[in-house]
Amino acid sequence: MENTQTVTVPRRILSSLLSSLAAGVVPRAGAPYIAIGRKDEIGAFLSDLENIGEGGSAMRFLIGRYGSGKSFLMQLIRGYALERDFITADADLTPERRLYGAGGSGVATYRELMKNLASKASPDGGALPKIIARWIGNLQAEIGEDPTGERLRDAVTRDLRDVEFLVGGFDFARVISAYYRAYLDGEDEKMSACLCWLRGEFASKTEARRALGFAVSTIIDDENWYDFIKLFGVLARRIGYRGLVVFIDECVNLYKIVHRVSRENNYEKILSMFNDALQGKAEGLLMVLGGTPQFLEDPRRGLFGYEALRSRLCDSRFADAEFKNLIGPVIRLRRLSDDELFALIVRVTALYAQHYHWEPRITAEQQTRFLTLALSRAGANSMITPREILRDYLTVLNILMQNEQADFDGIVARVSAESEVVEHVKDSETGEEKKDFSLEDILL
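Residues numbered from 1 in each chain as written. Predicted model: local features only at pLDDT ≥ 70, side-chain atom pairs only at ≥ 80, totals over all residues. Heavy atoms only, no water.

Details of the packing of aromatic side chains
Enumeration over the complete set of coordinates arrives at nine aromatic pairs. Relative to F232, the ring of F172 has its centre 5.1 Å away and its plane inclined at 85 degrees; by these criteria the two rings are edge-to-face. Pair noted here: F172 is in helix α7 (residues 169-185) and F232 is in helix α10 (residues 225-238), with a separation of 60 residues, a long-range link. Take F172 and F232: they sit in the same class, and that class is buried. Aromatic side chains Y352 and Y356 sit 4.6 Å apart centroid to centroid with 45 degrees between the ring planes, which places their arrangement in the tilted category. Remark: Y356 and Y352 occur in helix α15 (residues 338-356); sequence separation between them is four residues, near one turn of the helix. A residue is classified by how much of its surface remains accessible, and Y352, at 1% relative accessible area, is buried. Look at Y356 and you get partly exposed, because its relative accessible area is 36%. In textbook terms, an aromatic cluster arises when at least three aromatic residues are bridged by ring pairs, as seen for F172, W197, F228 and F232. Directly above the ring of Y241 sits R134, whose terminal nitrogen or CZ lies 3.9 Å from the centroid. Positioned above the aromatic ring of Y255, the side-chain terminus of R301 is 5.3 Å from the ring centre. (Phe/Tyr/Trp six-rings, centres within 6.5 Å; stacked < 30°, edge-to-face > 60°. Helix = DSSP H or I, 4+ residues; strand = E, 2+ residues; numbered from the N terminus. Buried < 20%, exposed > 50% of the residue type's maximum accessible area, 1.4 Å probe, protein only. Lys NZ or Arg CZ within 6 Å of the ring centre and 35° of its normal.)

Thoughts on the packing of helix α6 (residues 150-164) against α10
Taken N-terminus to C-terminus, the directions of α6 and α10 make an angle of 155 degrees; their axes are 10 Å apart at the nearest point. In terms of orientation, α6 lies roughly antiparallel with respect to α10. For the element pair α6 and α10, the recorded crossing hand is right-handed. Only L231, V234, L235 and R238 of α10 make contact with α6, whose side of the interface consists of D159, L160, D162 and V163. In the contact of α6 with α10, the residues fall into five nonpolar, no polar and three charged. (Axes fitted to C-alpha atoms, helices over the stretch in contact; angles between N-to-C directions. Parallel < 35°, antiparallel > 145°, perpendicular 65-115°, else oblique. Left-handed = near helix turned anticlockwise from the far one by under 90°. Contact = heavy atoms within 4.5 Å. Nonpolar A, V, L, I, M, F, W, Y, C, P; charged D, E, K, R; others polar.)

Some details on unusual backbone geometry
Its identity as a non-glycine residue notwithstanding, E250 has a phi of 60 degrees, on the positive side. Tracing the chain through its elements places E250 in the loop between β3 (244-249) and α11 (252-255). Phi is positive for H357, which is not a glycine, with a value near 50 degrees. Relative to the elements of secondary structure, H357 occurs in the loop between α15 and α16 (364-375).

Quick word on empty space enclosed by the protein
This model, assessed by the stated rule, comprises two cavities of 30 Å³ or more. Computed from the structure, the second largest cavity encloses a volume of approximately 60 Å³. In terms of lining, the second largest cavity is formed by I87, L117, L128, I131, I132, F232, L235, A236, I239 and L244. Mapped onto the lining of the second largest cavity, the elements with two or more residues apiece are α5 (128-143) and α10. In terms of residue class, the lining of the second largest cavity is made up of 10 nonpolar, no polar and no charged. (1 Å grid on protein atoms, 1.4 Å probe; cavity = no way out; pocket = protein on both sides within 12 Å on 5 of 7 lines; lining within 4 Å. Points joined across faces, edges and corners; volume = space filled by probe spheres on them.)

Observations regarding the packing of α5 against α6
In contact at an axis separation of 10 Å, α5 and α6 are set at 125 degrees when each is read in the N-to-C sense. Considering the angle they form, α5 stands oblique to α6. In terms of crossing hand, the pair formed by α5 and α6 is right-handed. Facing W135, L139, Q140, E142 and I143 of α5, the residues of α6 in contact are R151, L152, A155, V156, R158, D159 and L160. The residue makeup of the contact of α5 with α6, split by class, is seven nonpolar, one polar and four charged.

As for helix α3 (residues 70-83)
The end-to-end C-alpha distance of α3 is 20 Å, a good match for the 20 Å that 14 residues give at a rise of 1.5 Å each. Summarising burial for α3: 11 of the 14 residues are buried, a large majority. Lining the buried residues of α3 we find α2 (39-53), β1 (57-63), β2 (87-92), β3 and β4 (285-291). Just downstream of α3 lies D85, where phi reads positive at about 70 degrees. (Expected span 1.5 Å × (residues − 1).)

Brief notes about the environment of F274
Inspection of the secondary structure puts F274 in helix α12 (residues 260-278). Classification of F274 by relative accessible area gives buried; the value is 6%. For the pair F274 and R60, spaced 214 residues apart in sequence, the C-alpha separation works out to 8.8 Å. Here F274 is in contact with M59, F61, R312, L313 and P329, once residues within four sequence places are set aside.

Here we look at the state of the cysteines
Counting across every chain of the model gives zero disulfides. You can see C194 has no disulfide; the closest cysteine sulfur is in C196, sitting 9.3 Å from it. (Disulfide = S-S within 2.5 Å.)

What about the confidence of the model for the protein?
Residue-level pLDDT values for the protein average 87, and 88% of them are 70 or greater. The model gives residues 1-5 a pLDDT under 50, and that stretch makes 11 contacts with residues more than four places away or in other chains. Scored below 50 in pLDDT, residues 421-444 shows 35 contacts in the model against residues more than four places distant or in partner chains. (pLDDT = per-residue confidence, 0-100.)

What follows is the structure, given as structure tokens:
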């Protein structure tokens, strides 16, 4: 990665990046500009991409505390995948979006994935029409002059032949063929109906038949949506892409499901995905699930509480925290080293200066003192996260820029003095001793 002081970041991306970091939100664009560390983890995912590009399949569980960088790493890998001509799709699970559930909560996740479907030409999502258009354009270029359109129809049939024999593949191939014909004929309404079916937006087969103009034996719903994700993985390779990478974040929402049967149904869906990936039944598909340690390890409500998953995902008795093992399905995010955190601060300072055209009044020695102060908090050695440090640091930069009379030493002196008092102050609401604080708590 080049030094950010010599790289001009587009203002739109830079503004969004700094706003996201200040709010503790993962930036959707610009992640490579602040990528520090995680070299081994990134290497593991790049190895997976190469495997998927050869027609393989894989599934990863990215595990880390809130703010440790799970979502950031997902966005980083998403960018790498797009650069390498993969299709990507991402979604966050919520109480309304699950892997399995009645009342539309399963297909709601599928719809979110389709909304965020992205390609190199459409990195911000909504790429499905452009993906099909690229495919048709490539076929036309390959075939050349074709007045009757017969050779093009044969080429489309050839590319879709392998899809037809998979679960749901016949209707899937039929709808895509209908879309291609409508695309060539300029029938916008028919194209829209086909896209609605592919995005899982029809509530019944009757509604789908009325819009499409032909009968279909199935629609995408809570039960079968994952089968169509696998179909998109196969189709991606047939139409010229290297594969499909699916990111599903905030899986802790499955851990929070109170009803045991509902929770275990979702874990059963994960087991099905995992078995497909490891047995090579999901060609060209990489699934990445992000969650907290509780989501994975809780023996009562986490994945380890579901015996079939625990036996597949738990660490071997030969594993040890001292040794890294990134070949297995679970990647646990370690805390960034002190040097990496310092490099992150330096990089953010350069980006801040570039965005506001202001030279921050803070020296390297003061940056070191800031990091020392952040790491001196109780439990920080193992629990501190990049999110906490960056939010505090950007608060300092904001104060220095907007208040000419303020200086770094004065801000740090206030925080140091307050920290000595906070350690012995009881919380007025809970009566418990306050053992932690943030810079914003003190300055606001």
